[in-house]
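# Understanding the architecture of this molecule
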Amino acid sequence: MGLSAPGLELGMEAATIEGVLDQHGRDQSAIIAILQDLQEEVSYLPEGALRYVAERLDIPVSKVYSLATFYRAFSLEPRGKHLIYVCTGTACHVRGAVKILDALEREIGICAGETDEQMEFTLETVNCLGACALGPVVVVDGEYNGQMTGAKVVRLVKKLRQSAQE
């Protein structure tokens, strides 16, 4: 079945995908950068978009999928507007990362690895963020927050919710 077949859902506009491909010169060696740019558009990599890219770059779909699933930065599932990463590495763990994760799970109402139904938050754990001296560390939308506590992360989530309502 070709990509022009009716009913194929790309998960994003074909023009957006074409623009990203053009931006990278439709170069197969730029596949990781292409996937990063596509994910930036809709916060995940839709199956239809991956198939479309594979066809346009003449790359096997299996190769595109293997890259999209190998790198943890990529997601094949929709993510929330706010991405929250809790470091659970040794330094953060001994300083209370588990309590912080518990507080976040209670406040947001999801477990690590999940996205809430409103598509507002995605909560993930990571083994190390490379900021051990600041531990425990929580990264929200790319911003590092060090020396976190359960109370601080609850305030952070409430602040994000409040800013969304404004």
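Our subject is the structure that appears above.
Cut-offs applied
Residues numbered from 1 in each chain as written. Predicted model: local features only at pLDDT ≥ 70, side-chain atom pairs only at ≥ 80, totals over all residues. Heavy atoms only, no water. Helix = DSSP H or I, 4+ residues; strand = E, 2+ residues; numbered from the N terminus. Polar contact = N/O pair within 3.5 Å; in protein donor to acceptor, adjacent residues only side chain to side chain. Contact = heavy atoms within 4.5 Å. Buried < 20%, exposed > 50% of the residue type's maximum accessible area, 1.4 Å probe, protein only. Core = buried A, V, L, I, M, F, W, Y, C linked by side-chain atoms within 4.5 Å.

### Regarding the side chain of His 82
Summarising the element assignment, His 82 is placed in strand E1 (residues 82-87). Here the side chain of His 82 touches Asp 141 through a polar contact of 2.6 Å, side chain to side chain. Apart from the residues within four sequence positions on either side, His 82 is in contact with Glu 120, Phe 121, Thr 122, Asp 141 and Leu 160.

### Some remarks on unusual backbone geometry
Across the junction of Gly 135 and Pro 136, the peptide omega takes the value -5 degrees, indicating a cis bond. Secondary-structure assignment places Pro 136 in the loop between strand E3 (121-126) and strand E4 (138-140). For Ser 43, which is not a glycine, the phi torsion comes out positive at approximately 70 degrees. Mapped onto the elements, Ser 43 comes out in the loop between helix H2 (31-42) and helix H3 (47-57). Since its relative accessible area comes to 30%, Ser 43 is described here as partly exposed. One non-glycine residue, Gln 147, lies in positive phi territory at about 50 degrees.

### Describing the nonpolar core
One finds Ile 17, Ile 31, Ile 34, Leu 35, Leu 38 and Val 53 to be the most contacted residues of the largest nonpolar core, which totals 22 residues. Of all the elements in the fold, those that place two or more residues in this core are helix H1 (14-23), H2, H3 and helix H4 (61-70). When residues of this core are assigned to their parent elements, the largest contribution, six residues, is made by H3. Among all residues touching Leu 35, those that are not within four sequence positions of it are Leu 45, Leu 50, Val 64, Leu 67, Ala 68 and Phe 74. If you look at the next biggest cluster of nonpolar residues, it comprises 17 residues, including Ile 110, Phe 121, Leu 156 and Val 157.

### Some words on the environment of Ser 66
Here Ser 66 lies in helix H4. For the pair formed by Ser 66 and Gly 135, sequence separation is 69 residues and the distance between their alpha carbons is 33 Å.

### Details of the side chain of Glu 18
Looking at the element boundaries, Glu 18 is found in helix H1. Those residues in contact with Glu 18, other than ones at most four positions away along the chain, are Arg 26, Tyr 52 and Arg 56.

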